[in-house]
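Architecture and fold: a report
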Amino acid sequence: MSDSEEHHFESKADAGASKTYPQQAGAIRKNGFIVIKGRPCKVVEVSTSKTGKHGHAKCHFVAIDIFNGKKLEDIVPSSHNCDVPHVNRTEYQLIDISEDGFVSLLTSDGNTKDDLKLPTDEQLLKQIKDGFDEGKDLVVTVQSAMGEEQICALKDIAPK
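Residues numbered from 1 in each chain as written. Predicted model: local features only at pLDDT ≥ 70, side-chain atom pairs only at ≥ 80, totals over all residues. Heavy atoms only, no water.

**Focus on helix H1 (residues 122-133)**
For H1, spanning 12 residues, the distance from its first C-alpha to its last is 16 Å, which sits close to the expected 16 Å at 1.5 Å a residue. Of all the residues in H1, the buried ones are Leu124, Leu125, Ile128 and Gly131. Mapping the buried residues of H1 onto a view down its axis gives an arc of 140 degrees, with all of them on the same face. Exposed side chains of H1 directed beyond 90 degrees from the buried face belong to Glu122, Gln123, Lys126 and Asp133. Those residues of H1 that are buried are in contact with strand S7 (88-97), strand S10 (138-145) and strand S11 (148-156). (Helix = DSSP H or I, 4+ residues; strand = E, 2+ residues; numbered from the N terminus. Expected span 1.5 Å × (residues − 1). Buried < 20%, exposed > 50% of the residue type's maximum accessible area, 1.4 Å probe, protein only. Arc of directions from axis to C-beta. Contact = heavy atoms within 4.5 Å.)

So this is what it looks like as structure tokens:
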């Protein structure tokens, strides 16, 4: 090894480590979050079975995907670790809705965010469009987890 040899390492792989953190299955409660089949979910029901002759108590999770609303189930030994997604909620002011279904949002630092689509939930979609058409000042709440983002709530900040 001479000093003239240089090594260049290019990191193109994404380990995804920052998207989730481990938590013991027995410590996850109702209304908490869990990753089932690679999807971030909100736990709606947890039941724990007793230890068997040879083994672990098991936790049975029933959860709903926070982005598409699908119901998922998983059974995990209570002493094992599960992945828990980092879920963030951020509020943005709605500036514009484009014809192709994308929204233009104002971030807290004054920049615009234009990469979000309107939500698929019909009721929320109608509230956003109606409020925007009426010229109200709307603030949308964007939920993000595991590299996905979606508008999940809406509020009107206009003075009464």
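**Considering the pairing of S10**
Across the eight residues that make up S10, a large majority, eight, are buried. Burial along S10 is two-sided: the face carrying Leu138, Val140, Val142 and Ser144 and the face carrying Val139, Thr141, Gln143 and Ala145 are both buried. When S7 meets S10, the two strands line up antiparallel, connected through six bridges. Paired with threonine 90 across the strands is valine 142, a residue of S10. Of the pairings in the sheet, the one linking S10 to S11 comprises eight bridges and is antiparallel in character. Counterpart to leucine 138 in the pairing with S11 is aspartate 156. (Pairing = 2+ DSSP bridges.)

**Description of the side chain of threonine 20**
Among the structural elements, threonine 20 can be located in strand S1 (residues 20-24). Beyond its immediate chain neighbours, meaning those up to four positions away, threonine 20 contacts Val35, Asp83, Val84, Pro85, His86 and Met146.

**Looking at the sheet that holds S7**
Pairing is antiparallel across the open sheet formed by five strands, whose spatial order is S9-S8-S7-S10-S11. Looking at the sheet topology across the chains shown, the edges are occupied by strand S9 (112-117) and S11. In this sheet, adjacent strand axes meet at a mean angle of 45 degrees when their direction is disregarded. (Axes fitted to C-alpha atoms, helices over the stretch in contact; angles between N-to-C directions.)

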